Structure formats: structure tokens, C-alpha cells
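The residues making up each chain are set out below.
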Amino acid sequence: MDDLSVDVLINKDNLLPSDYYPKSLIITDNNENNFHNYKNANLKPMVRADIYPYIQRMISDAEKSGIYFIVDSGYRSYFYQKVILEELVKKEGNIAYQKVAKPGSSEHQTGLAIDIAYYKNGVYSDDVKEDDDEAIWLANNSYKYGFILRYPKGKEDITGYQYEPWHFRFVGLDLAKKLYEEGITLEEYEKRKNTFGSR
Ligand SMILES: [Zn+2]
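Residues numbered from 1 in each chain as written. Predicted model: local features only at pLDDT ≥ 70, side-chain atom pairs only at ≥ 80, totals over all residues. Heavy atoms only, no water.

## A word on the side chain of Arg 169
The residue Arg 169 is located in strand S7 (residues 167–170) in this model. A distance of 2.8 Å separates polar atoms of two side chains, one belonging to Arg 169 and the other to Glu 107. Not counting residues up to four positions away in its chain, the partners in contact with Arg 169 are Val 6, Asp 7, Val 8, Glu 107, Leu 112, Ala 113, Gly 146, Phe 147, Ile 148, Arg 150 and Leu 186. (Helix = DSSP H or I, 4+ residues; strand = E, 2+ residues; numbered from the N terminus. Polar contact = N/O pair within 3.5 Å; in protein donor to acceptor, adjacent residues only side chain to side chain. Contact = heavy atoms within 4.5 Å.)

## Looking at the coordination of the zinc ion
The coordination sphere of the zinc ion contains the protein donors His 108 (NE2), Asp 115 (OD), Asp 115 (OD) and His 167 (ND1), at a distance range of 2.0 to 2.8 Å. Coordination at the zinc ion is irregular: its 4 donor atoms span angles of 51 to 152° at the metal. (Donors = N, O, S within 2.8 Å, 3.2 Å for Na, K, Ca; no water. Tetrahedral: all angles 85-135°; square planar, octahedral: opposite > 155°, others 65-115°.)

## Topic: the packing of aromatic side chains
Summed over all chains, the structure comprises 7 aromatic pairs. Both rings, one in Tyr 143 and one in Tyr 180, keep their centres 4.1 Å apart while their planes meet at 10°; by these two values the pair is stacked. Taken together, the positions of Tyr 143 in the loop between helix H4 (133–141) and strand S6 (147–149) and Tyr 180 in helix H6 (residues 173–182) put the pair 37 residues apart, joining distant regions of the chain. For Tyr 180, a relative accessible area of 35% gives the class partly exposed. Sitting over the face of the ring of Tyr 54, Arg 57 holds its NZ or CZ atom 5.4 Å from the ring centroid. (Phe/Tyr/Trp six-rings, centres within 6.5 Å; stacked < 30°, edge-to-face > 60°. Buried < 20%, exposed > 50% of the residue type's maximum accessible area, 1.4 Å probe, protein only. Lys NZ or Arg CZ within 6 Å of the ring centre and 35° of its normal.)

## What about the nonpolar core?
In terms of nonpolar packing, the biggest core is built from 27 residues, with Ile 55, Met 58, Phe 69, Ile 114, Trp 137 and Phe 147 touching the most fellow members. Mapped onto this core, the elements with two or more residues apiece are helix H1 (52–64), strand S4 (113–120), H4 and S7. Per-element tally for this core: the top contributor is H1, with 5 residues. Residues contacting Phe 147, with those up to four places away along its chain left out, are Ile 51, Tyr 54, Ile 55, Met 58, Leu 112, Ile 114, Ser 142, Phe 168, Arg 169, Phe 170 and Ala 176. By size, the runner-up hydrophobic cluster in this structure holds 10 residues, among which are Leu 9, Val 171, Leu 175 and Ile 184. (Core = buried A, V, L, I, M, F, W, Y, C linked by side-chain atoms within 4.5 Å.)

## Focus: the pattern of salt bridges
Here the structure, examined in full by the defined rule, presents 16 salt bridges. Measuring nitrogen to oxygen at the nearest pair gives 4.0 Å for the salt bridge that ties Arg 48 to Asp 3. In this pair, Arg 48 sits in strand S2 (residues 46–48) while Asp 3 sits in the segment before strand S1 (25–27), placing the two residues 45 residues apart along the sequence. Using a relative accessible area of 4% as the deciding quantity, one classes Arg 48 as buried. Assessed through its relative accessible area of 25%, Asp 3 is described here as partly exposed. (Salt bridge = Lys/Arg side-chain N within 4 Å of Asp/Glu carboxyl O.)

## Notes on H1
Between its terminal C-alpha atoms H1 stretches 19 Å, which fits the 18 Å expected from 13 residues at 1.5 Å a residue. Among all positions in H1, only Tyr 52, Ile 55, Met 58, Ile 59 and Ala 62 are buried. The arc enclosing the buried residues of H1, seen along the axis, measures out at 120°, which places them on a common side. Here the buried face of H1 lies against S1, S2, strand S3 (70–73), S4, H4 and S6. Directly after H1, the chain includes Gly 66, whose backbone phi takes a positive value near 75°. (Expected span 1.5 Å × (residues − 1). Arc of directions from axis to C-beta.)

## Notes on helix H7 (residues 186–196)
Among the residues making up H7, those that are buried are Leu 186, Glu 187, Tyr 189, Glu 190 and Lys 193. Down the axis of H7, the buried side of the element spans an arc of 165°, and every buried residue falls inside it. Relative to its buried face, H7 has exposed residues pointing more than 90 degrees away, namely Lys 191, Thr 195 and Phe 196. At its buried positions, H7 is contacted by helix H5 (156–159), S7 and H6.

Function-wise, these values are silent; they only describe arrangement.
In C-alpha cells:
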């Protein structure tokens, strides 16, 4: 299977096959100070190569405004997602299904989604909160780099996921701008497309 179109809708109703992986993965390099302390480049987060320049531009423009964040998680395989979910179910029970995507339903498998974390004053944190400067900057500016806040507050019943101020999804410049300006999710966009038959 070729790499998917950047506007692909992946959720609990639109699953990826277990053997899908993006062909062009690239290792991100903006996380030297990461908590995970990646000594081995192979353990650094990977994203689809075609979106990496947008991420780099977003990070460097953010830094000009005094906003610092890193890519904390990118591509995850179907089987890795399975392990994460199973571990959390063991620890927390059924609530885990609200927090972690089922294998095949995670955008991280496309290589188009990133979770961000902070490295501030020598401290790494992946505890991203709604009113953090970084989260606010990203929510308001990421569309300029082709990204959307994928699971917004107040849209939980539409996306099927809790509000995640750390999770951003690349959809391309035009679509990101459209979704940002209209304040709609990828689910709503897809539904509208199907209803009106536009392309
Ligand atoms: Zn995520």
C-alpha cells in the first residue's frame, strides 16, 4: 500500500490494516534533551518524511516567539499501539479505552500525527495542559504549518477521544487552514464532504 493521502480519516470507525506502515519514515531530531534520553537514534520519534520540514519550520518559528516544544511521539506501529493499550487496561481498566486508541484506529500509525512535550528550564514534561503557553501557541498557529489540534475540547463525542492539547495531526496547509477557520474536526469535514459530494 502506498503512503496514505494526508487528509485520511482514521478513527474507531475507520481502521488501518495491521500491516500498514508509512514507507518514508524519518527520525526527528528536535529532542536531544528529551526525558527519554535517546542515546540510540533508532529510538527517537519518527514521522513521515514529507511532513518533517513543516514540523521543523513550526518548531523554529515557535522558538522565535519564546515557545519551546519537542516531538515526543510520532509513528507507532499497530503492534506497539496494541501493547500500550493492553498495559493501560491492566493498570486502569476500561477507562483505558477512552485514553488510548485501539490498534488500527490510531493516527500515529500513519506517521502523520505527533504528540508534543516541553523542555523548559532544564525540565522535560509531557504533561501538556490547555492553558500552557505552548499549547495555546500550537492551537492557534499549527494550521500555518499544516497541522490541526485533532481532539479539541467540546468535540469529544464527535472524535471519540478526550481533549488532547498535545496531539497534532498533519492534514496539509489548505485543509488545516479550512478546519481551523471553520472550527471543525476531520470527522465533521469528512461527513460534510460525503453529504454534499464535494471533492
Ligand atoms: Zn497522540
